[in-house]
Each structure stands twice: as C-alpha cells, then as structure tokens.
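Read off the chains here:
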Amino acid sequence: MEQSQRTEINTLGEFGLIERLAQKVTHYHPETVKGIADDAAVMAIGDQWLVTSTDFLLEGVHFDLTYMPLKHLGYKAVAVNISDIAAMNAVPKQITVSIALSNRFSLEAVEELYEGIRFACQNYKVDLVGGDTTSSRTGLVISITALGLTNAQEITYRSTAQKGDILCCTGDLGAAYLGLQVLEREKQTYLANPNMQPELTGKDYLVGRQLKPEARMDIIYELQTMGLKPTAMIDISDGLASEVLHLCKQSQLGAVVYEDKLPIEQVAYDTAINDFNIVPTVCALNGGEDYELLFTIRQEDYEKIKLHADITTVGYMTEKEKGAKLATRGESLVPLEAQGWNHFST
Ligand code: ADP
Ligand code: MG
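Only a predicted model underlies this, so the values are computations on that prediction, with no experimental measurement involved. (Residues numbered from 1 in each chain as written. Chains lettered and ligands numbered in written order. Predicted model: local features only at pLDDT ≥ 70, side-chain atom pairs only at ≥ 80, totals over all residues. Heavy atoms only, no water.)

(A) How the structure looks around the environment of D204. As for its placement among the helices and strands, D204 is situated in helix α5 (residues 204–211). Sequence-wise, D204 and D310 are 106 residues apart; in three dimensions their C-alpha atoms are separated by 20 Å. (Helix = DSSP H or I, 4+ residues; strand = E, 2+ residues; numbered from the N terminus.)

Have a look at this one:
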C-alpha cells in the first residue's frame, strides 16, 4: 500500500512554512498591492494605501500569566501589532481584538486585559472597532489586527534596500530577552519555594522591556518631520539577525553588521554575562521581542541621523553574493544566523 507523505513542520521552520503556503496563493484584485511577505499587507484605496497586520498571542507560548499582568498583556498585544504598521511607515488607525477564554477567566480579569488595550489605543491613537469572542480549552488566546494608512510615496517595504545603504536600528537590543530570562528565573525560584520573594532589584529596565514594549511610532513621526524616508524597513520582533536576513533576502542583497556597534544597554550587558553567562551579542542578535525598527537609509541621508540619540548605525548593505555577515570585535567576518523564536522547534 502506498504511504502518504508526511513532512514535519519543524523541517521547514516558521518562515519556510509561510513561504510554502504563499507560493500557491493567487490575488484576484488589482487593489492588492502587497500580500504575504512584509510586516503588513498593502491595499490601494484610491490615493490612500491601507496596511494591515495580524498577530496571535497564546498563553503558554507567548506569555505566562504567572508574571505577565493582564493589563500589560493587553498593552503589549496592541503594541506588537502597531509595530508592524510602523514598519510600513504607516499611521495606525484602527484595531480589532479577538479573544478566546477558558472559564479560568472572570469578568474582572477580562476587564483588566481591556484596560491595557484601551490604554494602548489612547497612546497610539487607534480606534478599537471590533473583534470576536469565543471559548478556549487551552487558556487565553489574543489575536489583534491593526489597520493603518499610508500612500505610494511613503510606504516602506523590506524589499527595496539598495547596495551601499546604511543599516540603522532604533533603541537598544537584547533587553526584552534578558527581562524574560530574569522573570523565568524568579518564577522557578518561586515554584521551588513559594515563600521566596522575586528578586528584581536593578532589573526594572529589562523586565519593563519584556512586559511593556512600545511600538516606535515616535521614530516614524520624527523621520517624517525630518523628511527622511528609509529605503527599506522592518520591525525587530525576532532578533536583529533574523530581520537583517529578511531585508537581505527580500532586497536580494548582503549586509555587514558590526558587533561593536550593536546598541546594548549596560544593564543588559552586565546581566547577560553575570547572571546568565551568555554573550550579550547573542542576546542582541537573537533575543527577540525588542520591537525596535531596523531600516536602511541612503548614504547621503547619514547626516540627518548621525547625532540622533535613539538611532544607531549598525552596518550597511552589500551585494547578495557577499551574504549577511557579522563583523566581530576580533575583526573576522562570520555568517549572520537567525535563531529567532521558532515555535515549531519544541
Ligand atoms: P511579522 O514577524 O512582521 O509579524 P511574520 O513573520 O509573522 O511577520 O509574517 C511574515 C509574512 O507572512 C506576513 O506577510 C504575514 O502576513 C504572512 N503570514 C504569516 N502567517 C501566515 C499564514 N498562516 N497564512 C498567510 N500568510 C501568513
Ligand atoms: Mg514585523
């Protein structure tokens, strides 16, 4: 008897799977400007371009309610979607919120979640316009869809970087990952001995980066005021390495990232080494959940950002054949590898 073929999804990985599914997708409408491939899909509505992005957050996969307050979770669920709208250089306008709940959750708990969602709506000036509510047997599930507006002149894709462009990143990297490590450590200590109080002294910044990330709309508005349009942009959700590789792949280029330019806060650096014995560079490259922006600019625009306190130039784009490389402190060039979150690996 003929055996039907079975391919394990972890042989493809998340991105391999998406690519595979995308190959067989057909578009029927000329208004669909961009489908699967970027931080958000793009639809032309006359002169306005509508961008939309959606994300899942699952209890036990993306968050742990032992240390994630529901209010923060609500805020974060919105922020991570707004971050994808920011990455398209668009202005967020509306969100829809879908939740699946088990009977473990009370009205008060859901209201707390929504308090965080409303706070984020106020902060990012977006309207909550709908969603869906259902039951769940596996804990809390949140899915948010964000909609934003831009136009043909302003939109930024992952695929339009040019050779020689400078790679810039906002904020600092690796802290959210280290915040998660600190929270996990304290959870384990608590589980071993419930009388122990969590020891978070001096780690507020790291924990804050994990529990309450911000989408960098402030940078989007600043760049617009400066009259600086990135040549390509992506948000950093899976770690800098993974995002640089996305830019390279989609723009058909290579890149060099300088290890000594990676923006890592002192507390992140110290915690990586002293508390977890991990290399700070690895946290910055592969940590994930920073929700900063990675973008490329033309060399002639360098003057505009060179003194900006919250934008760091981390490298530049090269030709495809050179691949994506990390220039280490030891001055060797090593391949940049993505080890971002892969939910299929466990
Ligand atoms: P991001 O990290 O910016 O949220 P993802 O890596 O999740 O982006 O997704 C990359 C692209 O793949 C996006 O265009 C997204 O809309 C699309 N995508 C992800 N999962 C699916 C799916 N199951 N079916 C169709 N498109 C998908
Ligand atoms: Mg994204």
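Additional details are given in the paragraphs that follow.
(B) Quick peek at the coordination of the magnesium ion (ligand 2). Those donors, D39 (OD), D84 (OD) and D235 (OD), are the protein atoms that reach the magnesium ion (ligand 2), and they lie 2.0 Å from it. Within one chain, the residues donating to the magnesium ion (ligand 2) are spaced in sequence as D-x44-D-x150-D. With D84 in helix α2 (residues 70–86) and D235 in strand β8 (residues 232–236), this residue pair connects regions lying 151 residues apart in the sequence. (Donors = N, O, S within 2.8 Å, 3.2 Å for Na, K, Ca; no water.)

(C) Expanded view of the pattern of salt bridges. For the structure on display, the rule yields 22 salt bridges. For K249, the salt bridge is made with E19, and the minimal N-O distance between the two is 2.4 Å. One end of the pair, K249, is in helix α7 (residues 240–251); the other, E19, is in helix α1 (residues 13–23), with 230 residues separating them in the sequence. We classify K249 as exposed; its relative accessible area is 55%. A relative accessible area of 41% means that E19 is categorised as partly exposed. A salt bridge links D301 to R298; the nearest nitrogen and oxygen atoms lie 3.3 Å apart. For R298, a relative accessible area of 40% corresponds to the partly exposed category. A single network of salt bridges, built from pairs that share partners, joins R209, R216, D218, E292 and D310. (Salt bridge = Lys/Arg side-chain N within 4 Å of Asp/Glu carboxyl O. Buried < 20%, exposed > 50% of the residue type's maximum accessible area, 1.4 Å probe, protein only.)

Read these as spatial facts, not as claims about activity.
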